Amino acid sequence: MNAFLKHKWIAFPVVAILFSSIFYLWNNIRSELSPLEDRSYIRINLRGPEGTTFEFIRDYADRIEYAADSLVWEKESLLSRSWNGGGFMNVFLPDISDRERSQMEIAEELSGAVRKETTARAFVQQQSTFGGSRGGMPVQYVLQAPDLEKLEEYLPQFMEQVNESPVFQMADVNLKFTKPETRIEINRDKASLLGVSTLNIAQTLQYALSGQRMGYFYMNGKQYQILGEINRQQRNTPMDLKSIYVRSDNGAMIQLDNLVSLEENVAPPQLYRYNRFVSATVTSGLNKGYTIGDGLDEMGRIAKEVLDESFRTALVGESKEFRESSSSLMFAMILALLMICLVLAAQFESFKDPLVVMFTVPLAIAGALMFMSYSGVTMNIFSQIGIIMLIGLVTKNGILIVEFANQRQDAGLSLPEAIRNAATQRFRPILMTSVSTILGLLPLVYATGEGAQGRIAMGVAVVGGMLISTFLTLFIVPAVYSYISTNRNIKEEEI
C-alpha cells in the first residue's frame, strides 16, 4: 500500500485504461432483449408462395411433420395447423430434466432438416423470454414510404440485400406484389343485347366462387348449411370462369365466355400503413451466433445503403421492446448514479468525497464487461440489472475507506496518513463483505435448469464486477482521495 501511494499517479492511467475498456466492450458485446431459455417448446412456421392452395400447404406440412417425427424422438406431442398460403406446427417437449438434449440443440438439428424441403419455406422458432408469446419473428423492421410506387421500387432491392446477409434466415415482408389476380372485363354492350345485366353476372360469380352460406336444410333431425360454390375441379384455373352460365332476363342460359374477357395480373392482397405512411414490415429470424441487436444493426446498414431520404424506418414487436428496454435501463443506471451522488453529498457535506467514491463504479463496470465478454454473455436485461446492482454494491467499499479517512483526519492525522491508515484498517471489512457477496452469487453463475440463462447473465455481471472492483478499489480510491479530497487540517504534505 505504501509503495503504491508513493507512485499514486499510476492510478490515473489505470482509470483511463478502464474507461477505454468500458467504451470498447460496451460497443462490442452482443446485445439482445433476453437470453434464449429452454421452455420445452418449438414452433415451426410454414409459408408457401402467394396463391398456394390449402392442399399444397397440407402436403408440405405432412413432410415437415415426418421430419419432426424422425428427428425429435423426445417430443410429447405435435400440433399442426394449415391454411391457404401458410401454417404452423407446435412441437411440445418433455421437461428439461427428462431429456438428454436441450431445446436449442433440437431446434438446430430440426432447422437443418426443414431447409431441405424447398417447395415452400419453414422456419424453426424458439420462444424468447419476453415478447415471444405472439409468435412473431425477433427482427421486425418497418419501412415507411411517401407512396406505394416508391415502396414498390425500393422494396425488392431491400429484400435482396436482407436475403443475402449472413445475419438473417427466412426473411419475409408482409406487403407483397406477387398475389395472382384475375380481372374480369364485362362487354356491356353485348351483355345488354343478350339481356344480361352486370348485377346478374356479379351474383352468379359470387354464388359460384365465394362459398357463401345461402341457408340451411334439415335431414334426419340434423341441420346442414347450404354453401354457394361449384366443385373444385370446375374452378381450378381462371379459364374455368368462362365456362360458367348466367341466366338472361328472358330465362336463357348464356355462357360467360360470350360476355367477359379475362386479364391476369399481380397485385398486393393488402395495403399497410404505419404512422400514416404507406408501409411494409420486414420480418426475419436470426442465424446461429447472432442476436437481435446484430439483426437491427444489419437492418439499419441495409436501409442506409438502399433507401433514399424520403423513407423513414421504425421498429415493432420484439425489436421495439428491445430498443425501449435498452434505453430505459440506461436511464435507470444514470438515475442510480445521480441519486447515489446526491445522497453521499448530503452525508459527507461535500461534493469532493462522493466523487472519490464514484470512482469505484467504472472499476465494477469494467470488471463486469470483461467477465461477460470472456464468458460469452450478451448485454441483455438481466446483465444490465446486474450492472445496476453493482453500483450500490461497490460504492459501499469506497464509502468505507473515505468515511474512515475523514474520521482519521478529524482525529488529527494528516491527509496522507489518514488515507493510508483507512485503506489498511478497512481492508478486512471490505474483503469480508465482498467475498461473502461473491460466494452468495456463485450459484447464479453455475445455474442449471429452466431459466438458467437469465440467472447466469446476472451472476456473471455481478461476480465479475465485484472481483475486479474489490481489489482495484483498495488502490485507486486512496490515490484519488489524496488528490481530490479536502485536507481537513489545512496542511500541504506530500506522501
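Residues numbered from 1 in each chain as written. Predicted model: local features only at pLDDT ≥ 70, side-chain atom pairs only at ≥ 80, totals over all residues. Heavy atoms only, no water.

In this structure the tally under the stated criterion is 15 salt bridges. Across the pair Asp297 and Arg323 runs a salt bridge, and its minimum N-O distance is 3.6 Å. A residue pair is termed long-range when its members are at least 10 positions apart, and Asp297 in helix H8 (residues 292–306) and Arg323 in helix H9 (residues 317–348) qualify at 26 residues. The partly exposed category is assigned to Arg323, whose relative accessible area is 37%. (Salt bridge = Lys/Arg side-chain N within 4 Å of Asp/Glu carboxyl O. Helix = DSSP H or I, 4+ residues; strand = E, 2+ residues; numbered from the N terminus. Buried < 20%, exposed > 50% of the residue type's maximum accessible area, 1.4 Å probe, protein only.)

Taken in spatial order, the 4 strands of this open sheet run S2-S3-S1-S4, and their pairing is antiparallel. Unpaired on one side and paired on the other, strand S2 (77–83) and strand S4 (121–125) mark the two borders of the sheet. Ignoring which end each strand starts from, the neighbouring axes of this sheet average 15° apart. As paired elements, strand S1 (residues 41–47) and strand S3 (residues 86–92) share 7 bridges and run antiparallel to each other. The residue of S3 that forms the bridge with Arg43 is Asn90. Against the sheet, helix H3 (residues 54–71) contacts S1, S2, S3 and S4, and its axis sits at roughly 160° relative to S2. Along the sheet, helix H4 (residues 103–114) makes contact with S1 and S4, crossing S1 at roughly 20°. (Pairing = 2+ DSSP bridges. Axes fitted to C-alpha atoms, helices over the stretch in contact; angles between N-to-C directions. Contact = heavy atoms within 4.5 Å.)

The geometry of an aromatic ring pair comes down to the distance between the two centres and the angle between the two planes. Throughout the structure, instances matching the rule amount to 5 aromatic pairs. Judged by centre distance (5.3 Å) and plane angle (70°), the rings of Tyr154 and Phe311 are edge-to-face. Here the residue Tyr154 occupies a position in helix H5 (residues 148–164), and Phe311 occupies one in the loop between H8 and strand S15 (312–315), the gap between them amounting to 157 residues. A relative accessible area of 15% places Tyr154 in the buried class. Above the plane of the ring of Phe88 lies Arg43, whose end atom (NZ or CZ) is 4.3 Å from the centre. Between the NZ or CZ atom of Arg101 and the centre of the ring of Trp73, over which it lies, the distance is 4.1 Å. (Phe/Tyr/Trp six-rings, centres within 6.5 Å; stacked < 30°, edge-to-face > 60°. Lys NZ or Arg CZ within 6 Å of the ring centre and 35° of its normal.)

Here we come to the nonpolar core. Leu369, Met372, Ile387, Leu390, Ile401, Val402 and Tyr481 are the most contacted members of the largest nonpolar core, which has 53 residues in total. Those elements giving two or more residues to this core turn out to be helix H2 (11–28), H9, helix H10 (352–357), helix H11 (360–375), helix H12 (381–410), helix H13 (415–425), helix H14 (427–445) and helix H15 (452–484). With 13 residues, H15 is the largest single contributor of residues to this core. With near-sequence residues (within four places) excluded, Leu390 lies in contact with Ala364, Ala368, Thr395, Ala461, Val462, Gly465 and Met466. Among the nonpolar cores identified, the runner-up in size contains 31 residues, and Leu155, Ala171, Val282 and Met299 belong to it. (Core = buried A, V, L, I, M, F, W, Y, C linked by side-chain atoms within 4.5 Å.)

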